[in-house]
Amino acid sequence: MLQEVTDANYVIVSNSAEVISIVCSGKDQAWITGHLASLSKLLESAVLSDYVPLHDILRPILEKMFECLPQVDDDAAPSPEISTFQQWAENIVGTLNKADKPLGARDRLQGPLFVLQCYVKARPDKLELMNVSITKLITRLARECTSNSINTPAYENALRSVLSILGLCKPRLAELKDQRRNYLSAISHLIENSGSAQLCRYILDMLREWILEHKDSVPSSREKAGLLQKLTTWETRGDEVSKLYNDYLGLLLDIFEDDSLDRSDLTNRLEGPFLLGTRCSDPKLRHRFIDMLEQSLPYDISGRLRYILVGQNWEHVKGTYWMALATDLLIGCIQANQPVSGIMEIDAKKEETDEVTFQLDNKVLLSSLRRLLHLDHAAADAIWHKFFRECWITLPRPQQINAQRWTLGLLTKEYHMEQLEQKPNVVQTLLGGVLACGHNFLLPPFVVKYLGKTYNAWHIALEIVGRDMELVETDELRDACADALTELYAELGEEDLFYGLWRRRCLHEETNAAIALEQNGLWPRAQEMYELAQGRVK
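Residues numbered from 1 in each chain as written. Predicted model: local features only at pLDDT ≥ 70, side-chain atom pairs only at ≥ 80, totals over all residues. Heavy atoms only, no water.

Asker: Can you walk me through the overall build of the chain in this structure?
Answerer: From N to C terminus, the chain includes 28 helices and two strands. For a compact globule of 538 residues, the expected C-alpha radius of gyration is about 24 Å, and the chain comes in at 36 Å, more than 25% above that figure. With respect to the three principal axes, the spread of C-alpha positions in the chain is 115 × 70 × 50 Å. The buried share of the chain, taken over its 538 residues, is 46%. For the chain, the accessible area works out to roughly 27500 Å², and carbon and sulfur atoms hold 50% of it. Separation of charge centres in the chain, based on 58 positive and 76 negative side chains, amounts to 3 Å. (Helix = DSSP H or I, 4+ residues; strand = E, 2+ residues; numbered from the N terminus. Rg over C-alpha atoms; globule rule 2.2 N^0.38 Å. Buried < 20%, exposed > 50% of the residue type's maximum accessible area, 1.4 Å probe, protein only. Areas by Shrake-Rupley, 256 points an atom, 1.4 Å probe, with all protein chains shown as cover. Lys, Arg positive; Asp, Glu negative; His and termini not counted. Charge placed at Lys NZ, Arg CZ, Asp CG, Glu CD.)

Structure representation (structure tokens):
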């Protein structure tokens, strides 16, 4: 085993290592201490190789050898054999300090990292002493993993080394001290840019262990939430890593179902990623997220509307049509206890028609309807108009005014700009609900005008402003509605409606005539009539 390990002699070295492992397993610590020099010399070539299975064979021996080292608080002078072995180990792990050098395919890091793992198990303080070197090394390896092509020797070398460092630091993150932030930044870089499903799976399992199993104070809730939020980038990756996205959503569900984490700082920080789960393409996962969300919501109409319109920050799902979820939640406040009965005609053979009497449970019917909303956005848009109106008319007037104010605030959020190209989009659906509520639901006309022009809701905006112009009582508000309406007509090129509206607004017959002449292209005569109207005003 003194020669360098290669593919040609790997089997022989592996068999020899197993024999040595069996022999050493039956020896006591005193025997191991007395043979440290010979064992370290015998195992050095195998330990420094990049063959991970060989390291697994030698791990019990090496860990037993490191147990001979004195602890930090031990004042007794070590024996020459122990000092020599410790210096041997220090020389090997010292090669990890070249973090500033470019990594090549021939750079062997597996052996030194393996020795460091065994060293740290016996002397945890060693990781604290090397935290700067380890952090620099994983930062450099993270860049190598994301810049090199997959399956190249340099990439494979960097990937194996990263996995070794993650395994080394996973149970001892607190030992990194002030370098922990840089270490977690390297992990964030890997999450966002690595194309290795193996590495991303390892990081996901590591986070699960940190959060659900050990629940240590390090990393902090803020750091855990930051890493979990980075995992949302897997949704749109389009590679092998994106297949892990559903597993990530499963981890989120497990976190929110854990009673010990209920209403904790961690779950509060994960509100955005949780909301992303409600748009998951997997219907089972999506329904679990929605059902869990609904358990935390009030069942009265006013409370449910308050949550939808002002309580929830929808910016986390700003790029998707989240009105399907909002409609789903609004329907959820309906208490349906009476069955639905009716007669269904079935044309079985196209010659004769059978009548079948059916009876459905309202809860089953509404539950099925809610599930289908996420598959058809046009249906969700139409159903929101009807249900929003029915909920609106049941509210007392003070609560209607509150809902009116909440809707205005939601409509003016800047993040709706992400949906400009969608049809229907959130603004169109909300304005449609406003229109369905009737004249008691008033919005500022200049806001409706802007929303109609910006979000391709022209005709809905025209109907809302036109309705309000007919029903408002004050001249000031009526003029504001007329100004907004005329601008919308002008933008759409509706010249007849544009001129017709101005003719209704004019105060003198001369102005009415001038507008009619202008509409028909008789510009000189229209100018004369405008001058007459101006003279009459004087």
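Asker: What exactly am I supposed to notice about the pattern of salt bridges here?
Answerer: Proximity of charged atoms lets side chains of opposite charge pair with each other. Taken as a whole and assessed by the stated rule, the structure comprises 22 salt bridges. Several salt bridges share partner residues, and in doing so they unite Glu-294, Arg-304, Asp-328 and Arg-370 into one network. (Salt bridge = Lys/Arg side-chain N within 4 Å of Asp/Glu carboxyl O.)

Asker: Where do I start with the packing of aromatic side chains in this structure?
Answerer: Note on aromatic pairs: each is described by the distance of the centres and the angle between the planes. Overall, the coordinates contain 12 aromatic pairs when judged by the stated rule. On the basis of an interplanar angle of 65 degrees and a centroid distance of 5.0 Å, the ring pair of Phe-274 and Phe-289 is categorised as edge-to-face. Of the two residues, Phe-274 sits in helix α15 (residues 271–277) while Phe-289 sits in helix α16 (residues 283–295), which places them 15 residues apart along the sequence. Residue classification places Phe-289 among the buried residues on the basis of a relative accessible area of 0%. An aromatic cluster is built from Phe-66, Phe-85, Trp-88 and Tyr-119, whose rings are joined through pairwise contacts. The positively charged end of Lys-27 is found above the aromatic ring belonging to Trp-31, 5.3 Å away from the centroid. Between the NZ or CZ atom of Arg-304 and the centre of the ring of Tyr-299, over which it lies, the distance is 5.2 Å. (Phe/Tyr/Trp six-rings, centres within 6.5 Å; stacked < 30°, edge-to-face > 60°. Lys NZ or Arg CZ within 6 Å of the ring centre and 35° of its normal.)

Asker: Looking at this structure, I do not really get the nonpolar core. What am I missing?
Answerer: Taken as a class, soluble globular proteins show a tendency for nonpolar side chains to be buried jointly. In terms of nonpolar packing, the biggest core is built from 154 residues, with Phe-66 and Tyr-183 touching the most fellow members. Not counting the four nearest positions on each side in its chain, Tyr-183 is found in contact with Thr-135, Ile-138, Ile-165, Leu-166, Cys-169, Leu-173 and Leu-176. (Core = buried A, V, L, I, M, F, W, Y, C linked by side-chain atoms within 4.5 Å. Contact = heavy atoms within 4.5 Å.)

Asker: It is not clear to me how the confidence of the model for the chain should be interpreted in this structure. Could you clarify?
Answerer: Predicted coordinates in regions of low pLDDT should not be interpreted in detail. On average, residues of the chain score 85 in pLDDT, and 91% of them are at 70 or above. This stretch, residues 340–350, has a pLDDT under 50; its non-local contacts, to residues over four places away or in other chains, come to 28 contacts. (pLDDT = per-residue confidence, 0-100.)

Asker: In this structure, what is going on with helix α17 (residues 301–311)? I would like to understand it.
Answerer: Residues spaced three or four apart along an α-helix face the same direction, because each turn holds 3.6 residues. Along α17, the residues classified as buried are Ser-302, Gly-303, Arg-304, Leu-305, Tyr-307, Ile-308 and Leu-309. The secondary structure elements touched by the buried residues of α17 are α16, α18 (323–331), α20 (377–394) and α21 (397–411).

Asker: I keep staring at the environment of Arg-237 and nothing clicks. Help me out?
Answerer: Considering the arrangement of structural elements, one finds Arg-237 in the loop between α12 (221–230) and α13 (245–257). Judged by relative accessible area, Arg-237 falls into the partly exposed class, the value being 22%. For Arg-237 and Gly-195, which are 42 residues apart along the polypeptide, the C-alpha to C-alpha distance reads 9.1 Å. Non-local contacts of Arg-237, meaning those with residues more than four positions away in its chain, are made with Ile-191, Glu-192, Asn-193, Ser-194, Gly-195 and Ser-242. Polar side-chain contacts of Arg-237 include one of 3.2 Å to the backbone oxygen of Ile-191. (Polar contact = N/O pair within 3.5 Å; in protein donor to acceptor, adjacent residues only side chain to side chain.)

Asker: Got a minute to help me understand unusual backbone geometry in this structure?
Answerer: Of all residues except glycine, most have a negative phi; of all peptide bonds, most are trans. For the bond from Val-218 to Pro-219, the omega torsion is 0 degrees, close enough to zero to count as cis. Relative to the helices and strands, Pro-219 is located in the loop between α11 (197–214) and α12. Pro-424 follows Lys-423 through a cis peptide bond whose omega is -5 degrees. Within the secondary structure layout, Pro-424 lies in the loop between α21 and α22 (426–437). With phi around 55 degrees, Lys-177 is a residue other than glycine that occupies positive phi space. With respect to the helices and strands, the residue Lys-177 is situated in the loop between α9 (153–169) and α10 (180–193). If you check the backbone angles, Arg-263 has positive phi at about 60 degrees while not being a glycine.

Asker: Honestly, helix α19 (residues 362–373) in this entry has me stumped. Any pointers?
Answerer: Taking 1.5 Å of rise per residue, 12 residues should cover 16 Å, and α19 covers 17 Å from first to last C-alpha, within 8% of that figure. Residues of α19 that are buried: Asn-362, Leu-366, Arg-370 and Leu-373. Buried residues of α19, viewed axially, fall in a sector of 70 degrees; they line one side. (Expected span 1.5 Å × (residues − 1). Arc of directions from axis to C-beta.)

Asker: Would you mind going over the packing of α13 against α16 with me for this structure?
Answerer: Helix-helix packing is described using two parameters, namely the angle between the two axes and the distance between the axes. α16 packs onto α13 with a crossing angle of 25 degrees between their chain directions and a minimal axis gap of 11 Å. Taken together, the axes of α13 and α16 are roughly parallel relative to one another. By crossing handedness, the relation of α13 to α16 is classed as left-handed. Between α13 and α16, the residues in contact are Asn-246, Leu-249, Leu-252, Leu-253, Phe-256 and Glu-257 and Leu-285, Arg-288, Phe-289 and Met-292, respectively. Counted by class, the contact of α13 with α16 contains seven nonpolar, one polar and two charged residues. (Axes fitted to C-alpha atoms, helices over the stretch in contact; angles between N-to-C directions. Parallel < 35°, antiparallel > 145°, perpendicular 65-115°, else oblique. Left-handed = near helix turned anticlockwise from the far one by under 90°. Nonpolar A, V, L, I, M, F, W, Y, C, P; charged D, E, K, R; others polar.)

Asker: Got a minute to help me understand the side chain of Asn-425 in this structure?
Answerer: One can find Asn-425 in the loop between α21 and α22. Residue Asn-425 is classed as buried on the basis of its relative accessible area, which comes to 0%. A polar side-chain atom of Asn-425 sits 3.4 Å from the main-chain carbonyl oxygen of Gln-422. A polar contact of 3.2 Å, which involves the side chain of Asn-425, links it to the backbone nitrogen of Val-427. Not counting residues within four places of it along the chain, the set of residues in contact with Asn-425 comprises Tyr-321, Gln-419, Leu-420 and Tyr-455.

Asker: So what exactly am I meant to see when it comes to the environment of Gln-312 here?
Answerer: Looking at the element boundaries, Gln-312 is found in the loop between α17 and α18. On the basis of relative accessibility, which here comes to 9%, the residue Gln-312 falls in the buried class. Considering only alpha carbons, one finds Gln-312 and Glu-271, 41 residues apart in sequence, at a separation of 9.5 Å. A polar contact is formed between the side chain of Gln-312 and the side chain of Tyr-307, at a distance of 2.8 Å.

Asker: Would you take a moment to explain the packing of helix α3 (residues 36–47) against helix α4 (residues 52–66) for this structure?
Answerer: With their axes 11 Å apart at the nearest point, α3 and α4 run at an angle of 155 degrees to one another. Between α3 and α4, the angle falls in the class roughly antiparallel. α4 is crossed by α3, and the crossing has left-handed handedness. Note on element contacts: α4 touches α3 through Leu-54, His-55, Leu-58, Ile-61, Leu-62 and Met-65, opposite Leu-36, Leu-39, Ser-40, Leu-43, Ala-46 and Val-47. Of the residues belonging to the contact of α3 with α4, the class tally is 10 nonpolar, two polar and no charged.

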